[in-house]
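Next come the chains, spelled out residue by residue.
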Amino acid sequence: MFQLLKSKNIRIYNFNSLKNSSVIKLHSYTATLLFILFSSSILAQKKNAQYELKLKPASSEIRIDGIMDERAWQDADLASKFFMVQPMDTSFAKIRTDVKMSYDKDFLYLIAICYHEPGPYFVESLRRDFAFGKNDNFLLFMDPFDDQTNGFSFGSNAAGAQWDGIMYDGSKVDLSWDNKWVSAVKNYEDRWVFEAAIPFKSIRYKAGITKWGINFSRMDLKSTEKSSWAPVPRQFATASLAYTGNLVWDQPPPVPGQNISVIPYTLGGVSSNHTVSPVGRNQRGEIGGDVKVAITSSLNLDLTVNPDYSQVEVDRQVPNLERFELFFPERRQYFLENGDLFSNFGYQNIRPFFSRRVGLGVPIQYGARLSGKLNKDWRVGLMNMQTENTGAADPAQNFAVLALQRRVFARSNIGAILINKQSMNFNAENAAAGVSRYNRVAGLEYNLASSNNTWTGKAVTMKSFSSSSSGKDMMQAANLRYWTGNWDLNWQHEYVGRHYNAEVGFVPRRGYINLSPQAGYLFFPKKGLLVSHGPKLFSANYFNESFQRTDYTNYLAYNLNFRSRATLTGWIANDYVKLQRPFDPTNKGGAVLNTGSEHRWEAFGADFVSRPQSLYTMSLSTRYGGYYAGGNRLNVTSEFGYRFQPFVSLALSSSYNDIRLPQPWNTTKFWLIGPRVDVTMTNKVFFTGFVQYNEQSNNINVNTRLQWRYKPASDLFIVYTDNYLPSPFAVKNRFLVLKLTYWWNI
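Described below are features of the structure shown in this document. (Residues numbered from 1 in each chain as written. Predicted model: local features only at pLDDT ≥ 70, side-chain atom pairs only at ≥ 80, totals over all residues. Heavy atoms only, no water.)

1. Comments concerning unusual backbone geometry
Move 1: For the peptide bond that leads from Gln86 to Pro87, omega is 10 degrees, which places it in the cis range.
Move 2: Along the polypeptide, Pro87 turns up in the loop between strand S3 (83-86) and strand S4 (97-103).
Move 3: Of the consecutive residues Gln663 and Pro664, the connecting peptide bond is found in the cis state with omega at 10 degrees.
Move 4: Tracing the backbone through its elements, the reader meets Pro664 in the loop between strand S33 (648-660) and strand S34 (667-682). (Helix = DSSP H or I, 4+ residues; strand = E, 2+ residues; numbered from the N terminus.)

Next comes the structure, spelled out in structure tokens:
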């Protein structure tokens, strides 16, 4: 039965009638049947096929300077009359944007004239890969295979900061991807002009295809208007490749010819460990690098020898009061191109492959990765990585992954993955240290995406293989989402066997069944302060493999989205947990609650994000209510920012927890505070400095990084990091690294 706010609890669904695992099988069969039924309607024509921009060769040389004075631009076709996406999607954009494109044998050229109302533009800084909603910007979304699933994005904010990313899942952009291209922005009183040259060697495409999916997106914060060349419904991102128009070539695009990039690095550094006596001091001097070989214009071979990732930004710390491991995204460049082929299987909390497991605390010796398109329908990914032997607990290990993906219907696909982790020269000492001889996972996945993106979903099943396998080593999950302008409905279920073991994956929880329905609705006023508002209901219900309830969360929220682009959400929730293992509710290494103990509580809170146009910005999140063992918990999380655009951006983030429990815990209070400064002298020189004071883990981390992009995709990094004990204030360890990389095209 559906019951809302019964007594003090929110009851979304009553699952008491579900008695055995046959119900899970029924849901699996139902989801599979729905996928088949909806797939039958997926063969519809591409939504915006009638929007075409014709492309012809440049009739003169083009200089990348943000000035449209070349004859080539006078001769190029024009894309204009953008459609408004937000705040409404029922009219043409009020803010004008004009776009032209051209090409020669080496480059694809683009120029965008972005008109605006009188007054200054709004940007965060000159830093690459800016936040889309916080900057006046122009973006290109490009689908060279016109498969409406994978592609590339390039763009800039109004101050000239570059944006580039690789696209996957039909609308997602991984901004960690970085490549070689050039651009310039020039500002005028009534407009800013973005001009770019993208080398054909920097993108992947199939030779001979003369229609590429393409769309242009514009964000103008002064008018709070988001627009696109080919119309996109307001519930979807303008990055949605389901709504691209067509870039029509007058002849097949140029074949790049030999396309080999060598990216060597040299590194020098010093480090010290102050937790031992005498202080341990080490010096580093390393060389290594990557090689990128284009087997075809759409299939790439990546090779790496002695890779180093010391310049990758440190993960932003968060308070951890969860019973399970936290997820942090991959940031290492080597793993990113076509990374979705490997890492997108499953769901966020049941990933069979998680690249951060490779080289986790141990050096990688070498690796090879073949990935990309075989043709319009087939994608392949093959990866092999080898790590060093650093001891009995970390023997030399080989990681091999094979992923295949076959496009079906208009935008859906079927995928298969095989993962093998093998310990080399395995011996009794390795076994005593808890290391497995091998671990393997194999699985299949079906991804549903309707032609208009209204229906999306996934069905996945995986099985693990290990020397200690003893049954119940499979997982199965599926979801189906229906998303229109008003309604957002989703069903998801998961089953993970207690012996399912994906050592190279991210599976923080095993031995459970999860049933999670979700429903949301938005109202769209025609005038007033709000552009939309509405409720959202969510329920996550967990059971053990005998279908006995172990925990649930029921959540009701109401969202307010203002025309100024500020947002406000209020929510209430109730939780139940029956602990399956001992747990310290403060996560500070103290006393624990017993296995089998039951805990119930209610909580409420609010989240606010201010309008991005202001030089002073803030976000605030609060939570107050019950907690484990009949206790109470207050959490206040905030971030305050100020920018001296476009050169300096200041931010102060903080999180405060006040946990009140019975003895022996009593009252526990801790802060996480993180001041940060970003200085962008130009769009090629960046300095970042931040401090993270984590009272929960009793650590102060100081991190600074200077990056000079002296040539496209070639950098000099200087990184300095300290870790301190807060009390007494004492150094734990520190290191200084200078790293030089160079991108050399052969």
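After that view of the structure, there is still more to cover.
2. Description of the side chain of Asn490
Move 1: If you trace the backbone, Asn490 turns up in strand S25 (residues 487-496).
Move 2: Owing to a relative accessible area of 15%, Asn490 belongs among the buried residues under this scheme.
Move 3: Only 3.0 Å separates the side chain of Asn490 from the side chain of Asn479, close enough to count as a polar contact.
Move 4: In contact with Asn490, other than residues within four places in its own chain, are Asn479, Leu480, Arg481, Ser516, Pro517 and Gln518. (Buried < 20%, exposed > 50% of the residue type's maximum accessible area, 1.4 Å probe, protein only. Polar contact = N/O pair within 3.5 Å; in protein donor to acceptor, adjacent residues only side chain to side chain. Contact = heavy atoms within 4.5 Å.)

3. Points about the pattern of salt bridges
Move 1: Applying the stated criterion across every chain, the model contains 37 salt bridges.
Move 2: A salt bridge links Arg709 to Asp715, with the shortest nitrogen-to-oxygen separation between them at 2.8 Å.
Move 3: Judged by relative accessible area, which is 4%, Asp715 ranks as buried.
Move 4: One salt-bridge network, held together by shared partners, links Arg128, Asp164, Asp178, Arg709 and Asp715. (Salt bridge = Lys/Arg side-chain N within 4 Å of Asp/Glu carboxyl O.)

4. Overview of the side chain of Asn215
Move 1: Looking at the element boundaries, Asn215 is found in strand S12 (residues 211-220).
Move 2: The exposure class assigned to Asn215 is buried, which follows from its relative accessible area of 0%.
Move 3: At a separation of 2.9 Å, a polar atom in the side chain of Asn215 contacts the main-chain amide nitrogen of Ala230.
Move 4: In this structure, Asn215 is in contact with Leu139, Leu140, Phe141, Ser228, Trp229, Ala230, Val232, Thr238, Tyr243 and Thr244, ignoring residues within four places of it in sequence.

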